[in-house]
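So the chains spell out like this:
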Amino acid sequence: MNYSNILQFRGKWRNYQARVLENAQKYIADGKIHIVAAPGSGKTTLGIELIARMKEPALVLTPSITIRQQWAARIEEGFLKENLKPEDYISQNLKEPRCITIATYQSLHSAMRHYKGILDESGTTMDSLESDDAIAKKELAAQSEEVDYSKFDVISEMKQAGIGVICLDECHHLRSEWWKALEEFRQALGEAKLIALTATPPYDSTPAMWKRYMDMCGEIDEEITVPELVKEGSLCPHQDYVYFNYPTEEELAEVEKFTTRSRAMQQKIWEDETFLSAVRTHGALDGRIAEAELAEKAEYLSALLSFLQAKNEPIPNNLRKIVAKNGIPSMNIETMETLLQGFLYDDADSYSCGEEYREELERELKAQGLIEKKKVALIASEAIEKMLISSKGKCKSIEAIVKSEYKSMGEKLRLLVLTDYIRKEYEKAIGNPDCDVTSLGVLPFFEQLRRLTDKDGVQGTDEHMSSADGARGAQEDDLSNLRIGVLCGSIVIIPAEAKEALIAAIKDAGKVNFSSVGDLAESDYIKVVAIGDNHFLTQAVTDIFTQGYMQVLIGTKSLLGEGWDSPCINSLILASFVGAYMLSNQMRGRAIRVFRDVPDKTSNIWHLICLVPDGILQKLHYAEPTESENDTDSLGRDFSTMSRRMDNFLGLHYDQDVIENGMERLSIIKEPYNKEHVDQMNAQMLALSRERDQLKARWDRSLNKAKKMEVVDETSVPEKNITATEANRSKLRLGLAGAGTAAGVLLSFTPLGWIGGAAAACCGIYGLSNLHKVRKINTPQDRLKAIGEGVFLCLGRQNLLDTKDAAVCVEEGKNGRQSVYLNGGTGKDRLLFAQCIREFFSAINNQRYLLVKTGRHNGVDGFYCVPECFARRREDAELFYSYIKPYIGKYELVYTRNEKGKELLLEGRMRYIDMPSTKSKWGRSF
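Since the model is a prediction, treat every value here as computed from it, not as a measurement. (Residues numbered from 1 in each chain as written. Predicted model: local features only at pLDDT ≥ 70, side-chain atom pairs only at ≥ 80, totals over all residues. Heavy atoms only, no water.)

**Q** Explanation requested: the pattern of salt bridges in the structure shown.
**A** Oppositely charged side chains can form a pair if their charged atoms are brought close together. Scanning the model with the defined rule gives 36 salt bridges in all. Across the pair E313 and R280 runs a salt bridge, and its minimum N-O distance is 2.9 Å. Taken together, the residues span a long stretch of sequence, with E313 in the loop between α14 (298–310) and α15 (317–322) and R280 in the loop between α12 (273–279) and α13 (291–294) at a distance of 33 residues. Residue E313 is classed as buried on the basis of its relative accessible area, which comes to 17%. (Salt bridge = Lys/Arg side-chain N within 4 Å of Asp/Glu carboxyl O. Helix = DSSP H or I, 4+ residues; strand = E, 2+ residues; numbered from the N terminus. Buried < 20%, exposed > 50% of the residue type's maximum accessible area, 1.4 Å probe, protein only.)

If you want it as structure tokens, here you go:
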């Protein structure tokens, strides 16, 4: 198909878009092109151009109806040639394919299973809701469409239409059943090319989910990062801030009740001789279960032995020998939880005990709320975790942030609050001061903030402001001019004074009805109800928000979290507590787009975290803990989830002019996490968030430091894992600079002669010139760099790198860690290098090949892992070892799928290792 007569881009390509298009032919050589592009990068535009260049009919799949409609609008507005009718070339109906057919993933799934009924924006079917869920059904109907695929063969229809390109937009959104439908469809369609576009790869998913994603989309070919977009002026300077709260008294009481029940039950089990007798029957103790089989249950075996040791029970020598290098860990609440999980469910067949006792124990644990969906939960149940993540204490956090932002920005503030639920039952509480609205949801948030603006209400000072701020009195605390709006699928609330502006934006007063909301007078706030289809109302409310009729807009993530665009937003509160990193990143993207009317726009993104106070979720030890054991109380899932997500957000450091990921850049956050210090951290966050002018200047300085527009993936390795082996104790390093290259090649020799020199020469990677000084490898940095260079050379030998124009660099990290990264090369090269380093030093799990130290392997250097990309064939693994041997010494290459290998795999899995971690930093000079 010749798209040249149909589509022509009417704009100008940005530099990063032009770079992708220039390399597109190379990327699609394997039949797939996979682009990661931050929100605001114009990936839809890029996708349309890629489709046009592939010259075949295409099917575009999107995560929602809204985004599907945006694809159609973008094609029509930015590409479709004049005098052509959109309906002749663009279709949003699987039953009526055109040159470009656009559908949602859920509609494809529905077509594959011949569904007839209603689909909503997120793919929920009306028949999946409970019959009495009237509110949910009403909200669903406002964002849905009816489909009938009962007699439709989608595969046959797409084949007949000649679909030769499948474009996947944000395919990480797929539920399990949608994945299955997509995989079946892709396989049935045959040799169709695939374009995968995403702003948020599922980095925080399970390994199985990540593999499924990569198998579908292929390796990432190009990544367009947030810093690059800020530098090009496509995104605005921005910063992440965290506001902490403690659980409310009621929530703490619930946690304490759970903890009391858990401790009592643990003590009962600990003293139960019947349980001890049952544990003694485990097959590992009498040889009924082979050691190789135990390799699949290493963590559980450790918990089993911990319990027996704490009970002074005899432990077979073969099992004790396996864990001798690290010792059997002390029995505590985690190991008891693991042991019970295996005893009741995961490893029940290994015990020779009566089912009656097991069933009775299960009933007791369930009665105490310590089992949920066949999952033992002694530390914190799912219900407790959900309660803390959705802590009502976050309501006060939102109030404090809104106060601070309004005082800083005044009428220029455009703050968006995104949350999970509407909580429509709270509508009757609006305007009624006797009703408690301390809850998380759109309408409770609206009423909480509205009460702050009530001139007759109490306007106390913000406890997190400094004393000087508080002394300024009621004038600065006056929020009476702050105006708030609500935008959801089933309810819209606007200030009364915005009514005429909304009618003007709609251009038809007959399309909406206005009424009072709650007990408020219509002269204060009014409710807007669309007559018929309400999709037009979203844009109209967005327009009056942009114009300044509201400074705060509250909505649900399902409507506003993705696909919706309002570039005026300069502050965002993420009050959504359901969902993964992917959705967080999409919601974050709402606030960081540039705004033409405000060229110097900056944005603040607020994350709300409930901290678990010290002593609440304590570990219970059944024996004296060892000196090395860490007794630091957990801060809760909320905090740990944020930490993981920050690993995937590149942003500006609070103190340094550095752009990087990870929690370290949020340098205000540090121990101790007691109430006094938490209040100080919150006050510091609010103060820093007001320094918007400095924020823009610091982004400019950080971006201008970089000579190249790239991100390096820096892998941090504990020093104790970079041991000084016999080989690198005596080895000298000779640096040989490659002729005509910017990087150096490091070869090695020992007093006995050259090691690896011939192999490197045979590779033809670099010519030899410029002899540098010789020095000993006697520091952790030297050793890590040498290992990194061995990995880099081997990747080059295997032709796994796009370019060899790069260098291995190391830096001294914090807390006894050293960092290594590849400077230069493509983004794909840097990711692959970081992955190999991480896998080489990682804990033993179920790797195909291991490097096991000859003679003794009971130290931290006893085992290394052959990275996955070298483990597919033995000859690849042998090549990898030949390149790494000069830097680690003599090891045995072990295949773990035979009996000997399985035994060593088990032994390796039982040893403790401090895992390496990877973080990204922006703009390394090269």
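**Q** Looking at this model, I keep getting lost on the packing of aromatic side chains. Mind explaining?
**A** What describes a pair of aromatic rings is the distance from one ring centre to the other and the angle between the planes of the rings. Applying the stated criterion to the full structure yields 20 aromatic pairs. With 4.9 Å between their ring centres and 80° between their planes, F343 and Y351 make a pair best called edge-to-face. Of the two residues, F343 and Y351, neither departs from the other in class, the shared state being buried. Each ring, one from Y864 and one from Y891, has its centre 5.6 Å from the other, and the planes form 45°; the classification is tilted. Within this pair, whereas Y864 is found in strand β30 (residues 863–865), its partner Y891 is found in strand β31 (residues 891–895), the two being separated by 27 residues in sequence. Here Y864 falls in the buried class, since its relative accessible area comes to 3%. Exposure remark for Y891: the relative accessible area of 4% places this residue in the buried category. By the ring-pair criterion, three or more aromatic residues cluster together here, those being W270, F275, F307, F343, Y351 and Y357. One Lys or Arg, K311, reaches over the ring of W270 and ends 4.1 Å from the middle of that ring. (Phe/Tyr/Trp six-rings, centres within 6.5 Å; stacked < 30°, edge-to-face > 60°. Lys NZ or Arg CZ within 6 Å of the ring centre and 35° of its normal.)

**Q** Help me understand the sheet that holds β30 in this model?
**A** Overall, antiparallel pairing links the 3 strands, which are arranged β30-β29-β31 in an open sheet. The open sheet has two edge strands with one neighbour each: β30 and β31. Pairwise comparison of adjacent strand axes, ignoring direction, gives a mean angle of 30° for this sheet. Examined bridge by bridge, strand β29 (residues 849–853) and β31 share 5 bridges and lie antiparallel to one another. Looking across to β31, one finds that Y849 is bridged to Y895. (Pairing = 2+ DSSP bridges. Axes fitted to C-alpha atoms, helices over the stretch in contact; angles between N-to-C directions.)

**Q** Sorry, what's going on with the sheet that holds strand β9 (residues 222–224) here?
**A** In a beta sheet, neighbouring strands are held together by backbone hydrogen bonds and run either parallel or antiparallel to one another. If you walk across this open sheet you meet the 7 strands as β3-β4-β2-β7-β8-β1-β9, and the pairing is parallel. At either end of the open sheet lies a strand with only one pairing partner, and these are β3 (90–91) and β9. In this sheet, strand β8 (residues 193–198) lies alongside strand β1 (residues 32–37) in parallel orientation, the contact comprising 5 bridges. Bridge pairing in β8 places I35 opposite L197.

**Q** Is there a simple way to think about the packing of helix α11 (residues 249–270) against helix α18 (residues 382–389) in this case?
**A** For any two helices packed against each other, the geometry is given by the interaxial angle and the distance between the axes. At their nearest, the axes of α11 and α18 sit 11 Å apart, and the two run at 160° to each other. Classified by the interaxial angle, the pair formed by α11 and α18 is roughly antiparallel. Crossing geometry of α11 relative to α18 is assigned as left-handed. Along its contact with α11, which presents E251, E254, V255 and F258, the element α18 presents I384, M387 and L388. Each residue belonging to the contact of α11 with α18 can be placed in one class, and the counts come to 5 nonpolar, no polar and 2 charged. (Parallel < 35°, antiparallel > 145°, perpendicular 65-115°, else oblique. Left-handed = near helix turned anticlockwise from the far one by under 90°. Contact = heavy atoms within 4.5 Å. Nonpolar A, V, L, I, M, F, W, Y, C, P; charged D, E, K, R; others polar.)

**Q** Is there a simple way to think about the environment of P39 in this case?
**A** One can find P39 in the loop between β1 and α2 (43–54). Expressed as a C-alpha distance, the spacing of P39 and Q586, which sit 547 residues apart in the sequence, is 6.8 Å. Residues within four places of P39 in sequence aside, it is in contact with A199, L229, L235, N585, G589 and R593.

**Q** How should helix α28 (residues 675–689) be read in this particular structure?
**A** Every α-helix winds through 3.6 residues per turn, so residues three or four apart in the chain are directed the same way. Over its 15 residues, α28 extends 21 Å from the first C-alpha to the last, a length consistent with the 21 Å expected when each residue adds 1.5 Å. Buried within α28 are the following residues: H677, V678, M681, N682, M685, L686, L688 and S689. Those residues of α28 that are buried are in contact with β10 (238–245), α19 (393–409), β18 (603–610) and α29 (692–705). (Expected span 1.5 Å × (residues − 1).)

**Q** Hey, could you run me through the state of the cysteines in this one?
**A** What we call a disulfide is simply a covalent bond connecting the sulfur atoms of a pair of cysteines. The final tally for this structure, using the stated rule, is 0 disulfides. In this model C836 remains outside any disulfide bridge; the closest cysteine sulfur is found in C869, 3.5 Å from its own. (Disulfide = S-S within 2.5 Å.)

**Q** When you look at the nonpolar core in this model, what are you seeing that I'm missing?
**A** It is characteristic of soluble globular proteins that their nonpolar side chains tend to be buried jointly. L7 and I51 are the most contacted members of the largest nonpolar core, which has 78 residues in total. For this core, the leading source of residues is α2, giving 6 residues. Membership of the second largest hydrophobic core comes to 62 residues, among which are I398, V417, V517 and W606. (Core = buried A, V, L, I, M, F, W, Y, C linked by side-chain atoms within 4.5 Å.)

**Q** I would appreciate a short explanation of the side chain of R665 in the present structure.
**A** Position of R665 among the secondary structure elements: in the loop between β20 (659–660) and α28. R665 gets classed as buried once you look at its relative accessible area, which sits at 0%. Among the polar contacts listed, one links the side chain of R665 to the side chain of D240, at a separation of 2.6 Å. Discounting chain neighbours no more than four positions away, the residues touching R665 are Q239, D240, R588, M646, F649, G651, L652, H653, Y654 and E660. (Polar contact = N/O pair within 3.5 Å; in protein donor to acceptor, adjacent residues only side chain to side chain.)

Nothing here speaks to function; it is all geometry.
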